[in-house]
Amino acid sequence: MTTNEKISRIRELMVKNNIKGLIIPSGDPHMSEYFSSHWKTREFISGFTGSVGTLVITLEESGLWVDGRYYTQGAKEIENSEIKLFKGSEPDCPKVSEYLADILNEGDVVGCNGKLFSLETMENIKNDFKEKNIKINGDIDFPNEIWKTRPQLNYEEIFYLEEKYSGKTPFEKIEILRDRIDNFGGEGIILGRLDNISWIFNIRAKDILNNPVVTSYGIILKNKSLLFTDKKRLPREVEEILNKNQIEVFEYEEIFNYILKLKNLKLILDKKEINYYLYEKMIENKNIELILKENPIPLMKGCKNKVEIENIEKAYLKDACAQVEFYAWLESKLNKNEKVTEYDCVEKLKYYRSLQENYIEESFNPIVAYGKNAAMMHYSPKKNNSSLLNKKALLLNDSGGQYLEGTTDTTRTYSLGEVTLEEKHDFTLVLKSVINLSTAIFKDGCTGSDLDILARQYLWAEGLDYRCGTGHGIGFLLNVHETPPNFRDRDVKFQEGMCVTIEPGIYKENYHGIRLENTVVVTVDKITEYGKFFKFKDITLLPMDVDVLELEIMNEKEIKWLNDYHKKVYRTLKDLVSESGREWLKIKTKKILTKY
């Protein structure tokens, strides 16, 4: 079926069930950014493959809401359908619920699958619908009725992440969590997000491609902890370790009945984490009191301990070696005038990572984008739809790996030959942005929002910007995008041990895209009578392209930073790569000689 044919079938079901509007978001019952193919209903109906977006269907029209990362990609992927693109990051763009509240009539019913919406999101939708008394039916999954080849949920074998990687036992983490729950006046907490559950219990699996989390729910009480998952994939030795840490294991669906049996408890509930369907089950039980508070786990998880940081540095070292070998291979291929596509690069990156000890999988689908394709921030080449590389223009490679030692994410943009003056200028602006933020010294209490200007100021000065955040937190053998660290929120203070990416960029549609990304760790710089001051420590070890620099707009501090960085990269990697990798590395880390 075409997209329009699928929408037509959906409308037949809407009429039959008296539904005037349908909301199909990106997501699963655990509020995941990346999720099993089973839950990709929005992609199935619309054809839009981006990680975030919401499809709305009414009886007369349909629309796709995307953020700034996906304006170009979204428009391209829905161009042959009736769907209208809504640019959700623009100030004049209505929210999905505002749009529906405006076009629907008094008392109309909007359908959705309540498992795919957080309690917080559903409360916001209800508030926008209140004036017109628009109702919500949360038991609707029309896409399932026409998706005859819908994939089954995936449950892979669970493995235990040893303390030599995690730094703490589950029981040690749970005891810290219990103290924080107690401070909230609670006696337990309901866990819905997969990365929070996998982290607190030190368990991992490959249930979701590139995100080694365990599909599950969790409950932490004062005297025991409970894990709800598919038990048949749990090895006996792993269950024994969990039991020793006072963790009992139940089947995944038992969470709904278990909640109804709880008595005389005050439970912490995070509105951003728990899906609306589960919440409705919880409020059926009048013997428990729900306390709406933020889950403490994300902040605990976001501040990496000493053992985790040491391992993450090892992971980035391995990933750098793999990428050096990849670039040496690519350069050799192009010099021999052999055919290489973007997709070939994706496969070769995976191959070289797979040679590294303790490699598990990629941390996301590699973004290997040549020339104008890189203007689509999250472009991902397909085997049957991939551009051929030539010895000119720019190649953007944003990729990473999952290792037992941690999760990596690195972006580099390299020239494959001749580039234009504009490409050089834009590349240098992006590099200046990376350096400016990477070298910041900032006081305890600063948020990412306080520092964001340091990455954007050179671009703003020329009327440029990028429609996305400057960086994101990174999980430890978990999701590549992790909260709370970022450069956007005004209420998230940087703390020691937080790992965050710095990745400004310039994206010019139908021309080029340039992004450079390093991962940094927040460390203490100094403590004076004026307080504690932090700095960022670079843990990414991969050269920047010195052949695409407009040196005239770089100052002495920036050139020194780049030379020092390249000296460290070469010294660290030279004995860990092949001869061809070492030769490539030597050329790419050559010292920049200037008037300074």
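Residues numbered from 1 in each chain as written. Predicted model: local features only at pLDDT ≥ 70, side-chain atom pairs only at ≥ 80, totals over all residues. Heavy atoms only, no water.

Quick look at the overall build of the protein now. From N to C terminus, the protein includes 20 helices and 28 strands. Taking 25 Å as the expected radius of gyration for a compact globule of 596 residues, we find that the protein reaches 25 Å, a close match to that expectation. Once the C-alpha set of the protein is aligned to its principal axes, its extents read approximately 75 × 55 × 50 Å. Counting across all 596 residues of the protein, residues that qualify as buried make up 57%. Once local pairs closer than 6 in sequence are excluded, the contacts in the protein between residues at least 24 apart make up 70%. Approximately 25600 Å² of the protein is accessible, and the part contributed by carbon and sulfur atoms is 46%. (Helix = DSSP H or I, 4+ residues; strand = E, 2+ residues; numbered from the N terminus. Rg over C-alpha atoms; globule rule 2.2 N^0.38 Å. Buried < 20%, exposed > 50% of the residue type's maximum accessible area, 1.4 Å probe, protein only. Contact = heavy atoms within 4.5 Å. Areas by Shrake-Rupley, 256 points an atom, 1.4 Å probe, with all protein chains shown as cover.)

Moving on: the nonpolar core. With 71 residues, the main nonpolar core has Leu 330, Leu 389, Phe 442, Phe 494, Phe 536 and Leu 562 as its most contacted residues. The greatest single-element share of this core, amounting to ten residues, is contributed by helix H14 (residues 306-335). Grouped together as the second largest cluster of nonpolar side chains are 43 residues, Val 56, Trp 65, Leu 116 and Tyr 279 included. (Core = buried A, V, L, I, M, F, W, Y, C linked by side-chain atoms within 4.5 Å.)

We now examine the packing of aromatic side chains. Counting across every chain of the model gives 27 aromatic pairs. Aromatic pair Phe 442 and Phe 534: ring centres 6.0 Å apart, planes at 50 degrees, arrangement tilted. Of the two residues, Phe 442 sits in strand S21 (residues 441-443) while Phe 534 sits in strand S28 (residues 531-538), which places them 92 residues apart along the sequence. The pair Phe 442 / Phe 534 is uniform in exposure class, with both members buried. Grouped by ring-pair contacts, the aromatic residues Tyr 155, Tyr 217, Tyr 252, Phe 256 and Tyr 277 constitute a single cluster. The ring of Tyr 277 has Lys 115 sitting right over it, with the charged end atom 5.0 Å from the ring centre. Over the ring of Tyr 458 we find Lys 432, and its NZ or CZ is 4.3 Å from the ring centre. (Phe/Tyr/Trp six-rings, centres within 6.5 Å; stacked < 30°, edge-to-face > 60°. Lys NZ or Arg CZ within 6 Å of the ring centre and 35° of its normal.)

Strand order in the open sheet made by the six strands is S4-S3-S2-S1-S5-S6, with mixed pairing throughout. At either end of the open sheet lies a strand with only one pairing partner, and these are strand S4 (84-87) and strand S6 (135-137). Pairs of neighbouring strands in the sheet enclose a mean axial angle of 25 degrees, with direction left out of account. Bridge count between strand S3 (residues 62-66) and S4: four bridges; the pairing is parallel. Note on S4: the bridge partner recorded for Leu 64 is Leu 85. Here helix H1 (residues 3-16) sits on the sheet in contact with strand S1 (21-24), strand S2 (54-58) and S3, set at roughly 60 degrees to S2. Across the sheet, helix H4 (residues 96-103) touches S1, S2, S3, S4 and strand S5 (109-111), and the angle it forms with S2 is around 10 degrees. (Pairing = 2+ DSSP bridges. Axes fitted to C-alpha atoms, helices over the stretch in contact; angles between N-to-C directions.)

The next thing to look at is the UniProt feature "domain: Creatinase N-terminal" (unreviewed entry) in the protein. Per the UniProt record, "domain: Creatinase N-terminal" (unreviewed entry) is found at residues 7-135. Secondary structure across residues 7-135 comprises 33% helix and 17% strand; the distance between its end C-alpha atoms is 22 Å. (UniProt positions renumbered as here; feature names shortened; annotations may be inferred.)

Once that is clear, we can look at the UniProt feature "domain: Peptidase M24" (unreviewed entry) in the protein. The sites that UniProt annotates as "domain: Peptidase M24" (unreviewed entry) are residues 312-523. Helix makes up 32% of residues 312-523 and strand 25%, and the two end C-alpha atoms of the span are 14 Å apart.

So, about the domain arrangement of the protein. Per the domain assignment, the segments making up the protein are domain 1 (3-146), domain 2 (159-301) and domain 3 (303-586). A separation of 34 Å is found between the C-alpha centroids of domain 2 and domain 3. Facing 23 residues of domain 2, the contacting portion of domain 3 comprises 26 residues. Contact between domain 2 and domain 3 buries roughly 2000 Å² in total, counting both sides, with carbon and sulfur atoms accounting for 50%. If you sort the residues of domain 2 by the area they bury against domain 3, Tyr 165, Asn 210 and Lys 301 come out on top, with a joint share of 33%. Our count for the contact surface shared by domain 2 and domain 3 stands at one salt bridge. (Domains from an automatic or database assignment. Buried area = accessible area lost by both parts, 1.4 Å probe. Salt bridge = Lys/Arg side-chain N within 4 Å of Asp/Glu carboxyl O.)

Bringing the pairing of strand S20 (residues 410-415) into the picture now. With six of six residues buried, S20 lies mostly within the body of the structure. Taking every second residue as pointing to the same face, both faces of S20 are buried, with Thr 410, Arg 412 and Tyr 414 on one and Thr 411, Thr 413 and Ser 415 on the other. As paired strands, strand S17 (residues 394-399) and S20 are joined by six bridges and run antiparallel to one another. Across the sheet, residue Asn 397 finds its bridge partner in S20, namely Arg 412.

Two elements in contact, helix H16 (residues 421-438) and helix H19 (residues 556-573), have axes separated by 10 Å at closest approach and are oriented at 85 degrees. The angle between the axes of H16 and H19 places the two elements in the roughly perpendicular class. Across from Leu 431, Lys 432, Ile 435 and Asn 436 in H16, the residues of H19 making contact are Lys 557, Glu 558, Trp 561 and Leu 562. Across the contact of H16 with H19, the residue classes tally to four nonpolar, one polar and three charged. (Parallel < 35°, antiparallel > 145°, perpendicular 65-115°, else oblique. Nonpolar A, V, L, I, M, F, W, Y, C, P; charged D, E, K, R; others polar.)

This part is about the side chain of Thr 447. With respect to the helices and strands, the residue Thr 447 is situated in the loop between S21 and helix H17 (448-451). Ignoring anything within four residues of it in the chain, the contact list for Thr 447 reads Asp 489, Arg 490, Asp 491, Val 492, Lys 493 and Phe 494.

Read from one edge to the other, the open sheet built from three strands follows the order S15-S18-S19, with strand pairing classed as antiparallel. A strand with exactly one partner marks an edge of an open sheet, and here the two such strands are strand S15 (359-362) and strand S19 (406-407). Relative to the sheet, H14 contacts strand S18 (401-403) and S19, its axis offset from that of S18 by approximately 130 degrees. On top of the sheet, helix H15 (residues 342-354) reaches S15 and S18; it is set at about 165 degrees to S15, its chief contact.

Here the focus is the pattern of salt bridges. A side chain with one charge may pair with a side chain of the opposite charge, provided their charged atoms come close. Here the structure, examined in full by the defined rule, presents 34 salt bridges. Here Lys 232 makes a salt bridge to Asp 230, at a shortest N to O gap of 3.0 Å. Asp 230 gets classed as buried once you look at its relative accessible area, which sits at 10%. Linked by salt bridges that have partners in common, Arg 193, Asp 195, Lys 301, Lys 304 and Glu 482 make up one network.

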